[in-house]
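Fold and contact review
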Amino acid sequence: MLRTTVAALVAALLVATPAGASNWIQLGVVDTTEAIGNTPRFSNTLDTLRPQIVRVTLSWGGVLGVARERPDHGTNPEDPAYEWDRYDAAVLAASQRG
């Protein structure tokens, strides 16, 4: 049993290849408050940093939330309880900057 385990470990070490460094990396930005609460400032940040990835966390309730009241049909994005305007503005700002 011990011989088999040692042989398997030696074989794994011989077969394993070292990890190479990536020659490709993407810069990302995660900033929900600025993206939703201050779109012009968010746009300036995007212009300055020029990220390839932008992440905005969608809040369902609260000050920056999408739903101001309980939706009648929660799975329907067109339910009148949802207010998408601020999130749409953040997506458009990021899209306009590539």
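Note that the structure is a prediction, hence the values are computed from the model and not measured. (Residues numbered from 1 in each chain as written. Predicted model: local features only at pLDDT ≥ 70, side-chain atom pairs only at ≥ 80, totals over all residues. Heavy atoms only, no water.)

Broken down by element type, the chain carries four helices and two strands. Going from N to C terminus, the chain has its helices and strands arranged as α-β-α-α-β-α. Every one of the 98 residues in the chain was classed for burial, and the buried ones make up 20%. Summarising the internal contacts of the chain: among those between residues at least 6 apart in sequence, 45% fall at separations of at least 24. (Helix = DSSP H or I, 4+ residues; strand = E, 2+ residues; numbered from the N terminus. Buried < 20%, exposed > 50% of the residue type's maximum accessible area, 1.4 Å probe, protein only. Contact = heavy atoms within 4.5 Å.)

So, on to helix α3 (residues 39–49). Of the positions making up α3, those classed as buried are T39, F42, S43 and L46. The buried residues of α3 occupy an angular sector of 100° when the element is viewed end-on, so they sit on one face. Those residues of α3 that are exposed and angled more than 90 degrees off the buried face are P40, R41 and T48. Two residues or fewer after α3 comes R50, characterised by a positive phi angle close to 50°. (Arc of directions from axis to C-beta.)

Let us look at the confidence of the model for the chain. A residue-level look at the chain finds 79% of positions with pLDDT of 70 or above and a mean pLDDT of 81. The weakest mean pLDDT in the chain belongs to helix α1 (residues 2–15) at 64; the strongest belongs to helix α4 (residues 85–96) at 89. (pLDDT = per-residue confidence, 0-100.)

For R50, which is not glycine, the phi torsion reads 50° and is therefore positive. We classify R50 as exposed; its relative accessible area is 63%.

Right, let's get into the packing of aromatic side chains. On inspection of all chains with the given rule, the structure shows three aromatic pairs. Here the aromatic rings of W60 and W84 are separated by 6.3 Å at their centres, their planes lie at 80°, and the arrangement is edge-to-face. Within this pair, whereas W60 is found in the loop between β2 (53–55) and α4, its partner W84 is found in the loop between β2 and α4, the two being separated by 24 residues in sequence. Centroid distance Y82 to W84: 5.6 Å. Interplanar angle 50°. Geometry classified as tilted. (Phe/Tyr/Trp six-rings, centres within 6.5 Å; stacked < 30°, edge-to-face > 60°.)

What follows concerns the nonpolar core. In this structure, A35, I36, F42, L46, V66, A67, Y82, Y87, A90, A93 and A94 together form the largest nonpolar core, which totals 11 residues. Listing elements by their share of this core, those giving two or more residues are α2 (32–37), α3 and α4. It is α4 that contributes the most residues to this core, four residues altogether. With residues up to four places along the chain from it excluded, the contact list for Y87 reads I36, V56, T57, L58, S59, L64 and V66. (Core = buried A, V, L, I, M, F, W, Y, C linked by side-chain atoms within 4.5 Å.)

The next subject is the environment of V63. Along the polypeptide, V63 turns up in the loop between β2 and α4. You can call V63 exposed: its relative accessible area is 70%. Here the alpha-carbon distance between V63 and G37, two residues 26 residues apart in the chain, equals 9.3 Å. When residues no more than four places from it in sequence are discounted, the contact partners of V63 are R68 and R86.

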